[in-house]
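# Structure at a glance
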Amino acid sequence: MSMRRRLFVSFGIGLVLMLGVSGLRSIARAQAPAAPVEPAATTAPPAAPEPVAAAAVGVPDPTGDNTGTASDVVVKDPKAPKLDEVMATVGHSKIAINLMWTLLTGFLVMFMQAGFALVETGFCRAKNAAHTMAMNFMIYPIGLLGYWICGFALQFGGVGTVAALGGTAPLNSEFTITLFGHAFGLFGTKGFFLGPDVYDVGVFALFLFQMVFMDTTCTIPTGAMAERWKWSSFLAYGFFISMVVYPLYGNWVWGGGWLAQLGSNFGLGHGHVDFAGSSVVHMVGGVAALAGAMVLGPRIGKYTKDGKAVAIPGHHLPMALLGTFILAFGWFGFNPGSTLAGGDLRIAVVATNTMLASAGGAIAAMIYMMARYGKPDPSMMANGMLAGLVAITAPCAFVTAPISVLIGVVSGVLVCWSVFFVERTLKVDDPVGAISVHGVNGAWGVLSLGLFADGVYGDGWNGVPGKVTGLFYGAPKQFLAECIGTVTCVVFVFASMWVFFKLVDVIIGNRVSAEVELAGLDLPEVGALAYPEFVLSPGNSVGAFEPSRPSPTPSPAPAGATARVESF
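Quick notes on the rules
Residues numbered from 1 in each chain as written. Predicted model: local features only at pLDDT ≥ 70, side-chain atom pairs only at ≥ 80, totals over all residues. Heavy atoms only, no water. Helix = DSSP H or I, 4+ residues; strand = E, 2+ residues; numbered from the N terminus. Buried < 20%, exposed > 50% of the residue type's maximum accessible area, 1.4 Å probe, protein only. Contact = heavy atoms within 4.5 Å. Phe/Tyr/Trp six-rings, centres within 6.5 Å; stacked < 30°, edge-to-face > 60°. Core = buried A, V, L, I, M, F, W, Y, C linked by side-chain atoms within 4.5 Å. 1 Å grid on protein atoms, 1.4 Å probe; cavity = no way out; pocket = protein on both sides within 12 Å on 5 of 7 lines; lining within 4 Å. Points joined across faces, edges and corners; volume = space filled by probe spheres on them. Nonpolar A, V, L, I, M, F, W, Y, C, P; charged D, E, K, R; others polar.

### Quick notes on the environment of Ala351
Position of Ala351 among the secondary structure elements: in helix α9 (residues 347–373). On the basis of relative accessible area, Ala351 is assigned to the buried category, the value being 18%. Apart from the residues within four sequence positions on either side, Ala351 is in contact with Phe332 and Pro336.

### As for the packing of aromatic side chains
The geometry of an aromatic ring pair is captured by two quantities: the separation of the ring centres and the angle between the planes. Counting across every chain of the model gives 32 aromatic pairs. With a centroid separation of 4.4 Å and an interplanar angle of 5°, the aromatic rings of Phe240 and Phe500 are classed as stacked. Of this pair, Phe240 sits in helix α5 (residues 231–254) while Phe500 sits in helix α13 (residues 476–507), and the two are 260 residues apart along the sequence. Considering the side-chain rings of Phe275 and Trp461, the 5.8 Å spacing of their centres and the 35° angle between planes classify their relative orientation as tilted.

### Topic: the nonpolar core
Counting residues in each nonpolar core, the largest one holds 120 residues, and the members touching the most others are Phe152, Phe213, Tyr237, Phe398 and Met497. Looking at which element gives the most residues to this core, the answer is helix α4 (residues 201–224), with twelve residues. The residues touching Phe398, leaving out its near neighbours within four places in the chain, are Val273, Phe275, Arg346, Leu449, Phe452, Ala453, Asp454, Tyr457, Gly458, Trp461 and Val468.

### Examining unusual backbone geometry
Residues other than glycine seldom take positive phi values, yet Leu340 does so here, at roughly 60°. By the secondary structure assignment, Leu340 is in the loop between α8 (317–334) and α9. Phi is positive for Asn462, close to 55°, though the residue is something other than glycine. Structurally, the position occupied by Asn462 is in the loop between α12 (434–452) and α13. Residue classification places Asn462 among the partly exposed residues on the basis of a relative accessible area of 28%.

### What about empty space enclosed by the protein?
Per the stated rule, a full pass over the model turns up two cavities of 30 Å³ or more. If you add up the space inside the largest cavity, you get close to 90 Å³. Of all the secondary-structure elements, those providing two or more residues to the lining of the largest cavity are α2 (83–123), α10 (378–392) and α12. In terms of residue class, the lining of the largest cavity is built from eight nonpolar, two polar and one charged.

Quick look at the structure:
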C-alpha cells in the first residue's frame, strides 16, 4: 500500500512540474518581441532611425554597453551641448563617486566595532562578558555624540578644502599661534553640532567617515581596562576622549595643524604623514590605554606577592578569533577609504598592502611563539594579525608589497615582545594586549613610513610639492617629522589621559570594589549576566561552566580567595 502511494505521489509531482514548465514556456513566447516583417521588394527601404538608448525602446541591455549615454547628460539643447554643461556633469559625477566611496568605506569601519567587541569580550572572563560587551556597544553612541558636539569642529574646523569631497568650503577657521615666525594650527573653530554654518554634503560625508575612526580610538582602552573599570568612569572617559584628546591630536596631523605643517614651515619632508591612522587613531588609543591601565591598577590575582605575572585566560577564544577576522575585513574600509576618492586607483595598492602586512604579522607572531614557547598560541596569532594591520595603516599608500610584508613581520614579533614587556617589566595589566597592538605598533607604523616611503605617491601632501619619500629612499627629514609626531603623541596623550583618570579617581572613582571584581562586573555594573543559565565553577582555573543554582546572582568570593579562584 505504501509503495502504491509513493508511486501516485511521484506521478503527481511530475505532472505538476511538467505543467509548470509548459506554462512558463508559453508565457516566455508571449512576451518575446515579434519578428520584424520583411518589406516587399518594391518597397523603398525606410530611413535609418537616429540611435537611441536601448532602454528607450524597451530592449534589455544585459552588457550595460547602452546604459548611461550622452542622453543622460543634462543640457539645455541636446542637439548643441555646451562644453561647460558637459564638464559640470562630469565634475558632479566625480564627486558623487568619491562621496559614495567615502560613505561605503565609513560603513565598513563602523562594522569594525563588532570586531572589537568580540575580540575584547572573548579575551575576558565569562563573569565580565556582559560588562565588556556593553562598553564596546555604548562607546559608539557616546563617542558619536561627543564628536558631534565639539570633537569634529576641533579636529576639522579649519581643514580648508578637501577637494575629493567637493571642497568642504565651510571648514575654514583654524585657531593658530605664531612661533618662530610661523603659524602653528592648534584646533578648528567651525562645525560645532554640525550647525547651519557647515550644512554641506561634503562636510557631512567627512564627519561620518572621521567619526568612525574616532570610535576606533575610543574603543581601544576598553580592552586594556576591562574587568575592573567602573561604569560611571567609563562614561566620563568616552566623552572626554571623543571631545578633546583625539580631536586635538587629529587636528595637528589631519586637520591642517602644526604637525602637518612641519614640512611647509621647516622643510621636514611633508610634515608628519599618517595615511590612515597608525598614530592618529591607534597610537592615541594605545597610549590612552596605557595611562588608564596604570592608574586603574592590575586585576586581583594578576600578580603574586613576589611580582610574578599570573596568566588569566579569556573565556571564549573562538569569539576573539572571529572578531579578528571581522576587524581585518573592516580594515578594507579603514585604509583604502582614506583616499576619500573612489577614482584614486592607488586604492588597489593600499588594499593589497594591507592584506600582506596582516598575513606577515600573524605568521611572524606564530613562529615567534613556537620558537620560544613550543606552541603557536592562537591569541598571539590574532594579536599578530592586528599588529600588522595597525602598523601598515600609516604607510600603506607609500610602500611596496615586499616592504608591507616586512612591516607586518616586524610588527608580529614586536607585539609578542611588547606584551610580555608590558606585563612582566612594567607590571601593567592589559587583558587583551591593546597597549602593544595599538600603541607600540601604531608608533612602528608611522616610523616605518618615514623609513620606507618609496617616493611614487603623495604629490602635494600637506601642501608640499613632490612625492612622499622616506629615509631609505633619500629623505631623512621625513623620518624626523615622523619621530616628532610620535613623541608628541606619547607626551600629549599620556599626560592628558593620566591627569583625567587621576581627577576621575578623586571625584567618582575609576575602579569597582574588590567584592564586585571577584564576583564579576556583569550584574553589579550593568545589571545583566552574559550567561544567566550558568555560573562559573570555582574549581576550574580556565573558567569552565556548570549548571546554575536557582539564583543566578553570584556571591562574593571569600576574602582569602586564591589566585586560582580569581582567574575565572
